[in-house]
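# Summary of the model geometry
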Amino acid sequence: VLRATLAIAVPYLMVFVPPAERGEVGVTSARTKLGEPVQAGAWLKAHAVGDRDLVEGLKSDPFYLIVDDGPKIRDYAINSICTPLGCVVPWNK
């Protein structure tokens, strides 16, 4: 009974675990406009505190990465897709 339960439960539960790249748990790579992976060190050298720029994120949707004091990249990105229309919304400064 335990084997049958595990055989059903494990694949079901794996649906809720995000795929990891190169063994990094819970990390999703962002890509630049050219499709290259965003490297934090290079990103922080090229962007000042308060800067935000579009990157390719989940499902190839455009997201804004924001540089905070430190400098460091925020732990989250802001989706730039307009929900009602589906267009990319520019960030007003």
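It should be noted that the structure appears before, not after, this text.
Worth saying up front: this structure is predicted, and the values here are computed from it rather than measured.

### Considerations on the environment of Y64
Secondary-structure assignment places Y64 in strand β2 (residues 62–68). For Y64, a relative accessible area of 8% corresponds to the buried category. Those residues in contact with Y64 that lie beyond four places of it in its chain are R52, D53, L54, A77, I78, S80, V89, P90 and W91. A polar side-chain atom of Y64 sits 2.9 Å from the main-chain carbonyl oxygen of V89. A polar contact is formed between the side chain of Y64 and the backbone nitrogen of W91, at a distance of 3.0 Å.

What counts, and where the lines are drawn
Residues numbered from 1 in each chain as written. Predicted model: local features only at pLDDT ≥ 70, side-chain atom pairs only at ≥ 80, totals over all residues. Heavy atoms only, no water. Helix = DSSP H or I, 4+ residues; strand = E, 2+ residues; numbered from the N terminus. Buried < 20%, exposed > 50% of the residue type's maximum accessible area, 1.4 Å probe, protein only. Contact = heavy atoms within 4.5 Å. Polar contact = N/O pair within 3.5 Å; in protein donor to acceptor, adjacent residues only side chain to side chain.

All we've got here are geometric facts, nothing functional implied.
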